[in-house]
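Next come the chains, spelled out residue by residue.
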Amino acid sequence: MASLLEYLNNFIWNEQFWLGDDAQWDDFISSDPSIYYPKVTHMNWSIVIGILLMFVRPIFESFVIIPFANCLGLKERKNISLKESPPLEAAYKSYKAEVPYNEIKRLSKETNLTERQIQRWFYKKRLMQMPSLIYKFKECSWQAFFYSITSCYWLYTLWDKPWMWVTVNCWIGWPKQHVDNHVFILYLAELSFYWNLLFEIYYRSNYHQKDKKQMVLHHFATITLIYFSWGCNFVRGGSLVLLVHDFADPWLNMTKMAKYLNRQTACEILFVFLLISWIFSRCIIYPYWIMYLAVVEILDYVTTSSGYWLTSALLILLQILHFIWTYMLITTALQKFTSGSIKKDSRSESDNELSDSTNEETLKNSIIQSEENSRQMTQDNQEN
């Protein structure tokens, strides 16, 4: 087993693949206790911390976020009781809320329930599948809390660093570049949090997001970049990538929180800050500053290797995702001009969810109206 792990480690961290002819892994061994070079084994603790965060988060939500939401008028949705019915479950999976009237008539005979009872059952089932506003508020609060701390901490840590303002310093002196405690803590925290986000997608049964596949791609690409930038001591460039990524995220999550609280004015003000910070960081700074230093400037100091091409591909993948989400944000912004307010959260809804402003009564009426329309269409067809 030990030999297998050693083989996998040597395969993943192939020296020629990542470092080319410019360096060796032995270059990252420091004989001076005051000088620290990155060690991948230290960053492996992020997986353990990411798992622990899955237990920390519910505690944080229970004692901080939920009381805060309640003070602002946002309450937990009442529990919904629903009797088990395999025929209705099967019909729901096939049709969701839009169950044809002929199917309702058939189910009524099969289950000995009235059509009204069946409609009501589908209404409750649909409601149970919808993420509540408090659920969305908790998710956004958790991320807003983390990104607010890290973005401020990154600015504090990097403000006086030479590579913050003159990016060629990311490569001068490589690979022997000391990593201080602040950068180490932030790197470990960021990697742990992205592991946690990835675990949440796969292991939280009630996870709801429209762009689930994009989020998996984003988290996986980010985790890979953090790992390899740490292992190859491209930490200076990696720290700038993380700073730029965290810059707009607090505004994104606070905008959503204001929407869930039905604070329309606050939502629109925060959305302006979000749009400015997002476009500035993700569509200007990232491609023209970060990608330039990581894809172009590096060539004057580091020989091209296979690791360089992989890292460049991941950075480009992140930029593509940035453009996709920028399109979603601009689409949301256009709602203000077409309908007078920001109504739809284009990133947090699943394909089958209604907008955040939809309440339970609206859902009930829409389902009943849909059933009435189906019934009327069936009757018209029969008459013809």
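For clarity, every value in this text was computed on a predicted model and none was experimentally measured.

### Topic: the packing of helix α8 (residues 133–158) against helix α10 (residues 181–203)
Relative orientation of the contacting elements α8 and α10 amounts to 155°, with a least axis distance of 11 Å. In terms of orientation, α8 lies roughly antiparallel with respect to α10. Our pair here, α8 against α10, has a crossing hand that is left-handed. Contacts between α8 and α10 involve W142, Q143, F146, Y147, T150, Y153, W154, Y156 and T157 from the former and H182, V183, I185, L186, Y187, A189, E190, F193, Y194, N196 and L197 from the latter. When the residues that make up the contact of α8 with α10 are grouped by side-chain class, the tally is 14 nonpolar, five polar and one charged.

### Describing the side chain of D249
You can see D249 is positioned in helix α12 (residues 235–260). Classification of D249 as buried rests on a relative accessible area of 8%. In contact with D249, other than residues within four places in its own chain, are Y147, W278 and R282.

### A few points about the nonpolar core
Core analysis: the biggest nonpolar cluster contains 82 residues, and F137, Y187, L240 and Y286 have the highest contact counts within it. Ranked by residue count, the leading element in this core is α10, at twelve residues. In contact with F137, not counting residues within four places along its chain, are I65, F68, A69, L74, M257, Y260 and L261. Core analysis: the next-biggest nonpolar cluster, separate from the first, contains nine residues, A91, Y92, V99 and I118 among them.

### Regarding helix α4 (residues 45–71)
Its 27 residues give α4 an end-to-end C-alpha distance of 37 Å, which sits within 8% of 39 Å, the value for a rise of 1.5 Å per residue. Of all bends in α4, the biggest is about 45°, found at E61. Of all the positions in α4, only S46, G50, L53, R57, F60, E61, I65, I66 and A69 are classed as buried. Packed against the buried residues of α4 are α3 (40–43), α8, α10 and α11 (212–231). G73, located one to two residues past α4, shows a positive phi value of around 95°.

### Quick look at unusual backbone geometry
In this model, W174 is joined to P175 through a cis peptide bond whose omega is 10°. Its location among the elements puts P175 in the loop between α9 (162–165) and α10. With a phi angle near 60°, N112 is a residue other than glycine that sits in the positive phi range. Position of N112 among the secondary structure elements: in the loop between α6 (101–111) and α7 (115–129). The class of N112 is exposed, set by a relative accessible area of 70%. One non-glycine residue with positive phi stands out, namely N262, at about 65°. Structurally, N262 is set in the loop between α12 and α13 (264–295).

Definitions and limits used
Residues numbered from 1 in each chain as written. Predicted model: local features only at pLDDT ≥ 70, side-chain atom pairs only at ≥ 80, totals over all residues. Heavy atoms only, no water. Axes fitted to C-alpha atoms, helices over the stretch in contact; angles between N-to-C directions. Helix = DSSP H or I, 4+ residues; strand = E, 2+ residues; numbered from the N terminus. Parallel < 35°, antiparallel > 145°, perpendicular 65-115°, else oblique. Left-handed = near helix turned anticlockwise from the far one by under 90°. Contact = heavy atoms within 4.5 Å. Nonpolar A, V, L, I, M, F, W, Y, C, P; charged D, E, K, R; others polar. Buried < 20%, exposed > 50% of the residue type's maximum accessible area, 1.4 Å probe, protein only. Core = buried A, V, L, I, M, F, W, Y, C linked by side-chain atoms within 4.5 Å. Expected span 1.5 Å × (residues − 1). Bend = angle between axes of the 7 residues up to and from the residue.

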